[in-house]
Amino acid sequence: GSLEDLRAVGPLIHALSDPHSAVRAAAARSLGHLGSPRRPLGKAGAGPTVRSRVIAALFPCVLNDPANEVRWAAADALYLTGGGAVLRPLLAAVRRRFSEGEGTVAGQRWFVEWAAASGLENLLIDVYPWFYPSTRRQIVSVLRSRLTPGTLTRLSLARDSGDPDLHELAGSVLSGHS
């Protein structure tokens, strides 16, 4: 089927496990295309079952695929398909992965780059306590370069939260900021 045809969902989900990363990335991008608000999964007629199948298929790609290209495409598709509703479960999955020591510095760096490129800097405040020191420095750098009124407010609240990690983050980002 065409990219406007919901019958393509099953084969695209299957392609997420292809041995070639370019095929997996293309499948993820196509699922994101289907899931965007103006596309079939974004319309009311698609139904929650198809959308939930797509979201469930994309989550493991975001967290576990060895190829950055696939993780990036899957994260974009996940966000297009589920919108803000997927951010909390995504954060929970990232937290589990990195707080249990399963994540790598490269995986953390990839997540920081994706969140920054997607305009989701506030996610970086949420994940900061679970990340390695070198990745924490990357988060500080990203947040310093992209200070918005919303991020400033979140950092001010983080500084006063009583959490020593978030206090450290806020102090590092806000130092020298007037």
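Residues numbered from 1 in each chain as written. Predicted model: local features only at pLDDT ≥ 70, side-chain atom pairs only at ≥ 80, totals over all residues. Heavy atoms only, no water.

Comments concerning the packing of aromatic side chains
Aromatic ring pairs are defined here through the distance separating the ring centres and the angle between the ring planes. Scanning the model with the defined rule gives 4 aromatic pairs in all. When the centroid spacing of 6.3 Å and the interplanar angle of 75° are considered together, the rings of Phe 111 and Phe 131 count as edge-to-face. In this pair, Phe 111 sits in helix α6 (residues 105–117) while Phe 131 sits in the loop between α7 (121–127) and α8 (133–145), placing the two residues 20 residues apart along the sequence. The ring of Trp 110 carries Arg 71 above its face, with NZ or CZ at 5.3 Å from the centroid. Here the guanidinium or amino end of Arg 136 rests over the ring plane of Tyr 128, the centre of that ring lying 4.6 Å away. (Phe/Tyr/Trp six-rings, centres within 6.5 Å; stacked < 30°, edge-to-face > 60°. Helix = DSSP H or I, 4+ residues; strand = E, 2+ residues; numbered from the N terminus. Lys NZ or Arg CZ within 6 Å of the ring centre and 35° of its normal.)

Points about the packing of α8 against helix α10 (residues 164–174)
Relative to each other, α8 and α10 sit at 45°, their axes nearing to 9 Å. Between α8 and α10, the angle is such that the two are oblique. Once α8 is placed against α10, the crossing between them reads as right-handed. Across the interface between the two elements, Arg 136, Ile 139, Val 140, Leu 143 and Arg 144 from α8 touch Asp 165, Glu 168, Leu 169, Ser 172 and Val 173 from α10. For the contact of α8 with α10, a count of residues per class yields 5 nonpolar, 1 polar and 4 charged. (Axes fitted to C-alpha atoms, helices over the stretch in contact; angles between N-to-C directions. Parallel < 35°, antiparallel > 145°, perpendicular 65-115°, else oblique. Left-handed = near helix turned anticlockwise from the far one by under 90°. Contact = heavy atoms within 4.5 Å. Nonpolar A, V, L, I, M, F, W, Y, C, P; charged D, E, K, R; others polar.)

Re the pattern of salt bridges
For the structure on display, the rule yields 7 salt bridges. Linking Arg 136 and Glu 168 is a salt bridge whose minimum nitrogen-to-oxygen distance equals 3.3 Å. You can see Arg 136 sitting in helix α8 and its partner Glu 168 sitting in helix α10, a full 32 residues away along the chain. Residue classification places Arg 136 among the buried residues on the basis of a relative accessible area of 13%. (Salt bridge = Lys/Arg side-chain N within 4 Å of Asp/Glu carboxyl O. Buried < 20%, exposed > 50% of the residue type's maximum accessible area, 1.4 Å probe, protein only.)

As for the environment of Leu 6
In this fold, Leu 6 is placed in the segment before α1 (9–15). Separated by 44 residues in sequence, Leu 6 and Val 50 have C-alpha atoms that sit 8.4 Å apart.

A short note on the nonpolar core
Core analysis: the largest hydrophobic core is formed by 58 residues, its most contacted members being Leu 58, Phe 111, Trp 114, Val 127, Phe 131, Ile 139 and Leu 169. The element that contributes the greatest number of residues to this core is helix α3 (residues 47–64), accounting for 9 residues. (Core = buried A, V, L, I, M, F, W, Y, C linked by side-chain atoms within 4.5 Å.)

Notes on α10
Leu 166, Leu 169, Ala 170, Val 173 and Leu 174 are the residues of α10 that are buried. Take α10 and look down its axis: the buried residues cluster within an arc of 110°, on one side only. Against α7, α8 and α9 (149–159) lie the buried residues of α10. Where α10 begins, the side chain of Asp 163 points an oxygen toward the backbone nitrogen of Asp 165, at a separation of 2.7 Å. (Arc of directions from axis to C-beta. Polar contact = N/O pair within 3.5 Å; in protein donor to acceptor, adjacent residues only side chain to side chain.)

Comments concerning helix α2 (residues 21–35)
Taking 1.5 Å as the rise per residue, α2 with 15 residues should run 21 Å; its terminal C-alpha atoms sit 21 Å apart, in good agreement. Buried residues of α2: Arg 24, Ala 25, Ala 27, Ala 28, Ser 30, Leu 31, Gly 32, Leu 34 and Gly 35, and no others. (Expected span 1.5 Å × (residues − 1).)

Take it as geometry only, folks, not as evidence of what the structure does.
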